[in-house]
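# Structure assessment
One letter stands for each residue in the lines below.
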Amino acid sequence: MDAKYARKLAARLNTDGWHYGGLPGLQWEAENARRGELQLMRRIVDELRSDVRFQEFYHACINCGNCTSMCPAFRFVDFEPRIVVQKVMHAKDEPELLYQMMDEYLWACYQCYSCWEVCPAHNNPGGLVALLKEAAVRNGLESAKRTLEPYSKTLFKVMATGTQITPDMHMLFAPFRDWGPHKAELVKNIRTERQGVPVESMWGVMDKGWRVPKRTMLELFIIERESGVLDSVRNSSKDVVDMVEEAGKELEESEKNG
Ligand code: SF4
Ligand code: SF4
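Now for a description of the structure that goes with this document. (Residues numbered from 1 in each chain as written. Chains lettered and ligands numbered in written order. Predicted model: local features only at pLDDT ≥ 70, side-chain atom pairs only at ≥ 80, totals over all residues. Heavy atoms only, no water.)

### Topic: the site of ligand 1
- Around ligand 1, a shell composed of Cys71, Pro72, Phe79, Pro81, Cys109, Tyr110, Gln111, Cys112, Tyr113, Ser114, Cys115 and Gly126 is seen.
- The cavity that encloses ligand 1 is the largest cavity. (Near = heavy atom within 4 Å. 1 Å grid on protein atoms, 1.4 Å probe; cavity = no way out; pocket = protein on both sides within 12 Å on 5 of 7 lines; lining within 4 Å. Sits in = over half its atoms within 2 Å of the grid points.)

### Quick notes on the packing of aromatic side chains
- Within the structure shown, the criterion is met by four aromatic pairs.
- With 6.3 Å between their ring centres and 70° between their planes, Phe57 and Trp116 make a pair best called edge-to-face. Here the residue Phe57 occupies a position in helix 4 (residues 54-57), and Trp116 occupies one in helix 9 (residues 114-118), the gap between them amounting to 59 residues.
- Between Tyr113 and Trp116, the aromatic rings sit 6.1 Å apart at their centres with planes inclined by 65°, giving edge-to-face as the arrangement.
- The exposure class of Trp116 is partly exposed, given its relative accessible area of 37%.
- A connected cluster of aromatic rings, assembled from ring pairs, spans Phe57, Tyr113 and Trp116. (Phe/Tyr/Trp six-rings, centres within 6.5 Å; stacked < 30°, edge-to-face > 60°. Helix = DSSP H or I, 4+ residues; strand = E, 2+ residues; numbered from the N terminus. Buried < 20%, exposed > 50% of the residue type's maximum accessible area, 1.4 Å probe, protein only.)

### Thoughts on the pattern of salt bridges
- Overall, the coordinates contain 16 salt bridges when judged by the stated rule.
- One salt bridge connects Glu47 with Arg138, and the closest N-O pair in it is separated by 2.8 Å. Taken together, the positions of Glu47 in helix 3 (residues 38-50) and Arg138 in helix 10 (residues 125-138) put the pair 91 residues apart, joining distant regions of the chain.
- Residue Glu47 is classed as partly exposed on the basis of its relative accessible area of 21%.
- Between Glu245 and Arg234 there is a salt bridge whose closest N-O contact spans 3.0 Å. In this pair, Glu245 sits in helix 17 (residues 238-256) while Arg234 sits in helix 16 (residues 229-234), placing the two residues eleven residues apart along the sequence.
- Given the relative accessible area of 25%, Arg234 is considered partly exposed. (Salt bridge = Lys/Arg side-chain N within 4 Å of Asp/Glu carboxyl O.)

### Focus: the environment of Arg225
- Within the secondary structure, Arg225 sits in helix 15 (residues 214-226).
- Here the alpha-carbon distance between Arg225 and Val244, two residues 19 residues apart in the chain, equals 9.9 Å.
- If we skip the residues at most four places from it in the chain, Arg225 touches Leu230 and Glu252. (Contact = heavy atoms within 4.5 Å.)

### Quick look at the site of ligand 2
- All residues adjacent to ligand 2 are Cys61, Ile62, Asn63, Cys64, Gly65, Asn66, Cys67, Arg82, Val85, Cys119, Pro120 and Asn123.
- If you map ligand 2 onto the pockets, it falls in the second largest cavity.
- Listing elements by their share of the shell around ligand 2, those giving two or more residues are helix 5 (66-70) and helix 7 (81-90).
- Of the residues belonging to the shell around ligand 2, the class tally is seven nonpolar, four polar and one charged. (Nonpolar A, V, L, I, M, F, W, Y, C, P; charged D, E, K, R; others polar.)

### A closer look at unusual backbone geometry
- If you check the backbone angles, Asn63 has positive phi at about 60° while not being a glycine.
- Structurally, the position occupied by Asn63 is in the loop between helix 4 and helix 5.
- On the basis of relative accessible area, Asn63 is assigned to the partly exposed category, the value being 37%.

### Looking at the layout of surface pockets
- Counted as a void, the largest pocket has a volume near 370 Å³.
- Trp107, Lys133, Glu134, Val137, Arg138, Thr147, Leu148, Tyr151, Leu155, Ser232 and Val233 are the residues that line the largest pocket.
- Listed by contribution, the elements that provide at least two residues to the lining of the largest pocket are helix 10, helix 11 (142-148) and helix 16.
- With four residues, the top contributor of residues to the lining of the largest pocket is helix 10. (Points joined across faces, edges and corners; volume = space filled by probe spheres on them.)

### Topic: the nonpolar core
- With 50 residues, the main nonpolar core has Ile44, Phe79, Val84, Val88, Leu98, Met102 and Leu132 as its most contacted residues.
- Considering every element that reaches this core, the biggest residue donor is helix 10, with seven residues.
- Taken domain by domain, the makeup of this core includes at least three residues from each of domain 1 (12-139) and domain 2 (149-256). (Core = buried A, V, L, I, M, F, W, Y, C linked by side-chain atoms within 4.5 Å. Domains from an automatic or database assignment.)

### So, the environment of Cys71
- Of note, Cys71 is situated in the loop between helix 5 and helix 6 (72-76).
- Residues Cys71 and Arg82, spaced eleven residues apart in sequence, show a C-alpha to C-alpha distance of 9.7 Å.
- Beyond its immediate stretch of four places on either side in the chain, Cys71 contacts Phe79 and Pro81.

Now the structure itself:
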């Protein structure tokens, strides 16, 4: 982190050292929003409002701030669910308000849904964030590509096998850094240890979380293709979708050939 950026961040800390919300933090994204395509911004608003979940997640906001007071992300970064809902409320006339949040702001939400529990108007701010993240992925926004990139292995595993973290992802040469330095030690004997798992569906399986029949993976692929899941991710993670499609076609071939 360069010194200038560090000073900027430090200026936002309160006396407890928390990187507090409530500041006009969205302004750093406003410039990007102004450079955005109006047509794309309108499309995002239309997609949001036409989603069947929108009617359930958004009613009207009285700006009380209960959601923000419960939000764990608000305690640590410059993020407020209240602001998200307020922007959603005004986005029909000013679509850049939503787009402004999609560069960085939205990705601070953990999707814990504490905000939903406390809203007197029964809004679901976390749900609205989820819909906007989906729109960012579907429309191939840079923020979505940046966010998905470190999870591409996990995304592939989920889409191709229905299981997420698999033993063969624990590798010596590229362990996930956030799993800690002890991970490299653990993987040394992972094959042997996997052979010792006393669960039939997991015993010796390295490339999936557990044994998944080919027929199940084929069904998963068909559901993802026909329901539009593959298309919805293509703009943000083309390589992963290409690999899933390749694996799916092989499964179809093998099913045809018995
Ligand atoms: S779902 Fe997101 S916005 Fe809502 S409380 Fe959790 S982190 Fe905050
Ligand atoms: S708790 Fe509900 S009504 Fe209050 S600011 Fe948050 S979204 Fe708006």
